[in-house]
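Single-letter residue listing:
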Amino acid sequence: MGFSGAKYIDPYIYRIMKMVKATSISVTETTRNELVLLKVKEGYSSMEALLKHLIVRHKKQRLLEESDRFRQRMLKRRMALKDLVE
Amino acid sequence: MRLVVDANIHFSALYNMDSTAGRLLFLATEEQVELFSTEHVKKEMMRILPAKLGYSGDEMEGLMAALPVEWLEREIYEEAMAEATAIVRDEADASLLACASVLGCDVVTGDKRVLASKFRNVKVRRLRELSSA
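Structural notes, computed from the coordinates. Per chain, residue numbering runs from 1 following the sequence as it is written. Labels are handed out in written order, letters beginning with A for the chains and numbers beginning with 1 for the ligands. Two thresholds apply to this predicted model, a pLDDT of at least 70 for residue-level local features and 80 or more for giving and counting side-chain atom pairs, whereas whole-chain, interface and lining totals are computed over all residues. With hydrogens and water excluded, all non-hydrogen atoms of the structure serve as input to the side-chain values.

1. Section: the overall build of chain B
Then comes step 1: Across its full length, chain B carries eight helices and five strands.
Then comes step 2: Helices (α) and strands (β) of chain B occur, in sequence order from the N terminus, as β-α-α-β-α-α-β-α-α-β-α-β-α.
Then comes step 3: Only C-alpha atoms enter the radius of gyration; for comparison, a globular chain is expected to reach 2.2 Å times N to the power 0.38, where N is the number of residues. Here chain B has a C-alpha radius of gyration of 14 Å; the compact-globule value for 133 residues is 14 Å, and the two agree.
Then comes step 4: Relative to all contacts within chain B whose residues are 6 or more apart in sequence, the contacts with residues 24 or more apart total 57%.
Then comes step 5: All accessible-area figures derive from a Shrake-Rupley calculation using a 1.4 Å probe, and residue coverage is judged against the displayed protein chains alone. A total of about 5,900 Å² of accessible surface is found on chain B, and carbon and sulfur atoms cover 47% of it.
Then comes step 6: Charged side chains in chain B number 16 positive and 22 negative. The centres of these two groups are separated by 9 Å. Under the DSSP-based scheme used, a helix requires at least four consecutive residues in state H or I and a strand at least two consecutive residues in state E, with every element numbered from the N terminus. Throughout, a residue-residue contact means that at least one pair of heavy atoms, one from each residue, lies within 4.5 Å. The charge count includes Lys and Arg as positive and Asp and Glu as negative, but it does not include His or the ends of the chains. Every charge is mapped onto a representative atom, which is NZ of Lys, CZ of Arg, CG of Asp or CD of Glu.

Pasting the structure below:
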């Protein structure tokens, strides 16, 4: 197995590279306070852990929304999954 | 675990998020599994969903962004495409084999042609094999 493109970075390596580099984000004081409160109330070990959890929750919510739309369209057209891939 | 997933897995998941396919996508949002798919599969989905389910451009964009999948461009798996196309004629199917070969991981699909194919060291698995593993 080999790579023909010199610019290619393995996605796994790229993720590790991103993980080890910490950075900061700018938010208003109100948002910061709300995040700190949420972190304490919910017992997160760090702001990183809280934000990570919120991101996962958001991604799951988005998936559910998309699933809802998809299912509604399928039902409306009385289609089965096999009709899509034929 | 890293997997290359076919369009039919995305469709199964979207149809029922409580299904095995749905759970796989949820695991990907938690970064417990890494899912990859190809430019070819993306194009296939972008052709099928507007044509068969009336998705608009914006809706397609939203859907693609919501799927917890890394879409790999053709250049990444190009070197294996010619060989893979000789095994399975359909370009989207071949792209799954080529991509998995380059990344060194398995393919998950429900497509019989892909399931029956033998390409390099690539393992092609059904979703239910994965859940029982």
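2. Topic: the interface of chain A and chain B
Then comes step 1: With 31 residues of chain A in contact, the opposing surface of chain B contributes 37 residues.
Then comes step 2: Summing the contributions of chain A and of chain B, the shared interface buries around 3,100 Å²; its carbon and sulfur component is 61%.
Then comes step 3: Note on definitions: salt bridges are taken to be side-chain nitrogens of Lys or Arg within 4 Å of carboxyl oxygens of Asp or Glu. For the pair chain A and chain B, the number of links is three salt bridges.
Then comes step 4: A salt bridge links Lys60 of chain A to Glu30 of chain B, with the nearest nitrogen and oxygen atoms 2.3 Å apart.
Then comes step 5: Polar contacts here mean pairs of N or O atoms no more than 3.5 Å apart (in protein, one a potential hydrogen donor and the other a potential acceptor; neighbouring residues in sequence count only if both atoms are side-chain atoms). Counting across the interface, chain A meets chain B through twelve residue pairs in polar contact (both at pLDDT 80 or more).
Then comes step 6: Listed by contribution, the elements that provide at least two residues to the side of chain A that touches chain B are helix H1 (11-20), helix H3 (47-76) and helix H4 (81-85) of chain A.
Then comes step 7: Per-class residue counts for the side of chain A that touches chain B are 15 nonpolar, three polar and 13 charged. Summed over both partners, buried area is the accessible surface (1.4 Å probe) that two parts give up on being assembled. Ten residues, namely Ala, Val, Leu, Ile, Met, Phe, Trp, Tyr, Cys and Pro, are considered nonpolar, four, namely Asp, Glu, Lys and Arg, are considered charged, and the remaining ones, Gly among them, are considered polar.

3. Here's the deal with the packing of aromatic side chains
Then comes step 1: Note on ring pairs: Phe, Tyr and Trp rings are taken, using the six-membered ring of Trp, and paired if centres are within 6.5 Å. Classes follow the plane angle, with under 30 degrees stacked, over 60 edge-to-face and the rest tilted. The full count for this structure, using the stated rule, is one aromatic pair over all chains.
Then comes step 2: Between Phe70 of chain A and Phe11 of chain B, the ring centres sit 5.9 Å apart and the planes meet at 15°, which makes this aromatic pair stacked. Remark: Phe11 of chain B occurs in helix H1 (residues 7-15) and Phe70 of chain A occurs in helix H3; the pair is interchain, linking two chains. The pair Phe70 of chain A / Phe11 of chain B is uniform in exposure class, with both members buried.
Then comes step 3: The rule for a charge over a ring is simple: NZ of Lys or CZ of Arg within 6 Å of the ring centre, and within 35 degrees of the ring normal. Over the ring of Tyr15 of chain B we find Arg71 of chain A, and its NZ or CZ is 4.4 Å from the ring centre.
Then comes step 4: In this structure, Arg73 of chain A is placed above the aromatic ring of Tyr55 of chain B, and the distance from its NZ or CZ to the ring centre is 5.1 Å. Relative accessibility decides the category of a residue: with a 1.4 Å probe and only protein chains considered, values under 20% of the type maximum give buried, values over 50% give exposed, and everything between is partly exposed.

4. As for the environment of Leu96 of chain B
Then comes step 1: Along the chain, the position of Leu96 of chain B falls in helix H6 (residues 91-103).
Then comes step 2: Judged by relative accessible area, which is 0%, Leu96 of chain B ranks as buried.

5. A closer look at helix H3 (residues 39-53) of chain B
All names here are of chain B.
Then comes step 1: Expected span of a helix, by definition, is 1.5 Å for each gap between consecutive residues, and there is one gap fewer than residues. Spanning 15 residues, H3 covers 21 Å between terminal C-alpha atoms, matching the ideal 21 Å at 1.5 Å per step.
Then comes step 2: Restricting attention to buried positions, one finds in H3 the residues His40, Val41, Glu44, Met45, Ile48, Leu49 and Leu53. Down the axis of H3, the sector holding all buried residues measures 150°, keeping them to one side. Residues of H3 that are exposed and point over 90 degrees away from its buried face: Lys43, Arg47 and Ala51.
Then comes step 3: Positive backbone phi, approximately 70°, marks Gly54, located one or two places after H3. When we speak of the arc, we mean the arc of directions from the helix axis to the C-beta atoms.

6. Some remarks on the packing of helix H2 (residues 29-42) of chain A against H3 of chain A
The description of two helices packed together rests on the angle between their axes and the distance between the axes.
Residues and elements named next belong to chain A.
Then comes step 1: Where helices are involved, their axes are fitted lines through C-alpha atoms of the stretch in contact, as for all axes, and angles between N-to-C directions lie from 0 to 180°. Following both chains from N to C, one finds H2 and H3 inclined at 95°, their axes separated by 10 Å at the closest point. Between H2 and H3, the angle falls in the class roughly perpendicular. Contacts between H2 and H3 pair Leu35, Val36, Leu38 and Lys39 from the former with Met47, Leu50, Leu51 and Leu54 from the latter. Convention used here: angles under 35 degrees read as roughly parallel, angles over 145 as roughly antiparallel, angles from 65 to 115 as roughly perpendicular, and any remaining angle as oblique.

7. Quick word on unusual backbone geometry
Residue and element names in this part refer to chain B.
Then comes step 1: The backbone phi angle of Glu31 is positive, close to 60°, even though this residue is not glycine.
Then comes step 2: Within the element layout of this structure, Glu31 appears in the loop between helix H2 (20-29) and strand S2 (34-38).
Then comes step 3: In this structure, Arg120 is a non-glycine residue whose phi angle is positive, near 45°.
Then comes step 4: On the basis of relative accessible area, Arg120 is assigned to the partly exposed category, the value being 38%.

8. Considerations on the pattern of salt bridges
Residue and element names in this part refer to chain A.
Then comes step 1: Inspection of every chain in the model, using the stated rule, returns 16 salt bridges over all chains.
Then comes step 2: In this structure, Arg62 engages Glu66 in a salt bridge whose closest nitrogen and oxygen atoms are separated by 3.0 Å. Highlighted residues: Arg62 and Glu66, both in helix H3, separated by four residues, approximately one helical turn.

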